[in-house]
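Listed below, chain by chain, are the residues.
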Amino acid sequence: MKIYKAKDYEHLSQIAANILAAQVTLKPDSVLGLSTGQTPIGTYKKLVEKYKSGDLCFNKVVGINLDEYYGLGADNPQSYAYFMNNNLFNHVNINTENVHIPNGLSQDIFAECTRYDEVIAKNPIDIQLLGIGSNGHIGFNEPDAELKLNTHYITLAKATIDTNKRYFKNEYEVPKMAYTMGIKQIMHAKKILLLASGESKAEILRKAFKGSLTTNVPASLLQMHRNLIIVGDEAALKGVF
Ligand code: F6R
């Protein structure tokens, strides 16, 4: 496990973007596992800057997103597909055929999960970008007695709905279900880059990385990954590392 302690969010974003840029520079056809949420926004901004200044090229990059709300399509501003277009894909030269996100509008759950499993099987992930939920979820793998290995359809935990309702008019508008990559697929990424910012993440980071492995804190399983990089700002890492 490698830990980078950033002084603040800006610095964290710079470090994370540098790591992803190094990956793409060394292997232009890298498969990037991507995530959404508040934390990676600054990283995507820095990647766009690197692209615009000619330092980075995405034309061979493959992007595979972790998750998507069930029932939301790419034209819905709350969807993760919309987020990715808005924060990254619309601003760099990634080939749209190389962009993969679970289709939130697919009502055939089995078909959609199978389709996404095939996408991941065909494109082994070189580096998986992750955030950590306040309850320790990674992707939308919520705390439970058992965790699913592959792509699945999941009921979001109350803590996740409570946290994510800030993006919706009210909590009733937050989708209660989602598609997500499974734990095995995340763990099979060659490298994992976990970002955490702000003091609200310190407690869950402590549980995930200073305690035993438990499916009640899905991020704790990352302790088993051979190539885990954690980039956190001082507030998030305080008392943890
Ligand atoms: C997003 C995702 C989630 C977030 C996590 C942290 O695609 O899979 O696991 O990474 O909820 O979200 P933020 O960054 O908003 O704190």
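In the block above lies the structure referred to throughout.
Residues numbered from 1 in each chain as written. Predicted model: local features only at pLDDT ≥ 70, side-chain atom pairs only at ≥ 80, totals over all residues. Heavy atoms only, no water.

Enquirer: Help me understand the site of the ligand in this model?
Expert: Of all residues adjacent to the ligand, which total 15 residues, the nearest are Thr39, Asp67, His137, Gly139 and Lys201. Between Lys201 and the ligand, the recorded distance is 2.6 Å, taken from a side-chain N or O atom to an oxygen atom. Considering the ligand on its own, with 410 Å² of exposed area, one finds that the protein chains cover 93% of that surface. Residue composition of the shell around the ligand, by class: three nonpolar, nine polar and three charged. (Near = heavy atom within 4 Å. Polar contact = N/O pair within 3.5 Å; in protein donor to acceptor, adjacent residues only side chain to side chain. Areas by Shrake-Rupley, 256 points an atom, 1.4 Å probe, with all protein chains shown as cover. Nonpolar A, V, L, I, M, F, W, Y, C, P; charged D, E, K, R; others polar.)

Enquirer: Sorry, what's going on with the nonpolar core here?
Expert: Side chains that are nonpolar tend, in soluble globular proteins, to be buried together. Core analysis: the biggest nonpolar cluster contains 32 residues, and Ile64, Leu194, Leu205 and Leu222 have the highest contact counts within it. Looking at this core, the elements that each hand over two or more residues are β3 (62-65), α4 (109-122), α6 (183-187), β9 (191-196), α7 (202-210), β10 (228-233) and α8 (234-237). Among all residues touching Ile64, those that are not within four sequence positions of it are Val31, Leu32, Gly33, Leu34, His100, Tyr116, Val119, Ile120, Asn123, Ile125 and Met181. Counting 31 residues, the second-largest nonpolar core is a separate cluster that includes Ile15, Tyr44, Leu56 and Leu129. (Core = buried A, V, L, I, M, F, W, Y, C linked by side-chain atoms within 4.5 Å. Buried < 20%, exposed > 50% of the residue type's maximum accessible area, 1.4 Å probe, protein only. Helix = DSSP H or I, 4+ residues; strand = E, 2+ residues; numbered from the N terminus. Contact = heavy atoms within 4.5 Å.)

Enquirer: I'm lost on helix α2 (residues 41-52) in this one. Help?
Expert: Along an α-helix, residues three or four apart share an orientation, since each turn contains 3.6 residues. Compared with an ideal rise of 1.5 Å per residue, which puts 12 residues at 16 Å, α2 spans 17 Å between its outermost C-alpha atoms and is within 8% of the ideal. Turning to α2, its buried residues are Gly42, Thr43, Tyr44, Lys46, Leu47, Val48 and Lys50. Next to the buried residues of α2 lie α1 (9-26), β2 (31-34), α3 (80-87), β6 (127-130) and β9. One or two steps after α2, the chain reaches Gly54, where phi turns positive at roughly 85°. (Expected span 1.5 Å × (residues − 1).)

Enquirer: Where do I start with the side chain of Thr43 in this structure?
Expert: Among the secondary structure elements, Thr43 is positioned in helix α2. In contact with Thr43, other than residues within four places in its own chain, are Ser13, Ala16, Ala17, Leu20 and Leu195.

Enquirer: Can you help me understand the sheet that holds β2 in this one?
Expert: Backbone hydrogen bonds are what pair the strands of a sheet, in a parallel or an antiparallel way. Strand order in the open sheet made by the seven strands is β1-β10-β9-β6-β2-β3-β5, with parallel pairing throughout. Two strands lie at the open edges of the sheet, namely β1 (2-6) and β5 (99-100), each paired on one side alone. In terms of strand pairing, β6 meets β9 through four bridges, oriented parallel. For Ile127, the partnering residue across the bridge sits in β9 and is Lys191. This element, α4, spans β3 and β5 of the sheet and lies at about 140° to β3. (Pairing = 2+ DSSP bridges. Axes fitted to C-alpha atoms, helices over the stretch in contact; angles between N-to-C directions.)

Enquirer: Sorry if this is basic, but what is going on with the pairing of β9 here?
Expert: Look at any regular strand and the pattern is simple: side chains alternate between the two faces of the sheet. Burial analysis of β9 places five of its six residues in the buried class, which makes it a mostly covered element. Relative to β10, β9 is paired through five bridges, and the arrangement is parallel. Note that in β10 the partner of Ile192 across the bridge is Leu228. In this fold, the crossover linking β9 to β10 by way of α7 has right-handed handedness. (Right-handed = clockwise from strand over helix to strand, strands pointing away.)

Enquirer: I would appreciate a short explanation of the pattern of salt bridges in the present structure.
Expert: Opposite charge on two side chains permits them to pair, given that their charged atoms come into close proximity. What the rule picks out here adds up to seven salt bridges. Across the salt bridge formed by Asp162 and Lys158, the nearest N and O atoms sit 3.0 Å from each other. Taken together, the residues span about one helical turn, with Asp162 and Lys158 both in helix α5 (residues 158-164) at a distance of four residues. The exposure class of Lys158 is exposed, given its relative accessible area of 57%. (Salt bridge = Lys/Arg side-chain N within 4 Å of Asp/Glu carboxyl O.)

Enquirer: Hey, could you run me through the packing of α1 against α2 in this one?
Expert: When two helices pack together, you describe them by how their axes are tilted relative to each other and by the distance separating the axes. Between α1 and α2, whose axes approach to 8 Å, the crossing angle comes to 55°. Judged by the inter-axis angle, α1 sits oblique to α2. Regarding α1 and α2, the two cross each other, and that crossing is right-handed. Residues Tyr9, Glu10, Ser13, Gln14, Ala16, Ala17, Asn18, Leu20 and Ala21 of α1 form the contact with α2, whose participating residues are Ile41, Gly42, Thr43, Lys46, Leu47 and Lys50. (Parallel < 35°, antiparallel > 145°, perpendicular 65-115°, else oblique. Left-handed = near helix turned anticlockwise from the far one by under 90°.)

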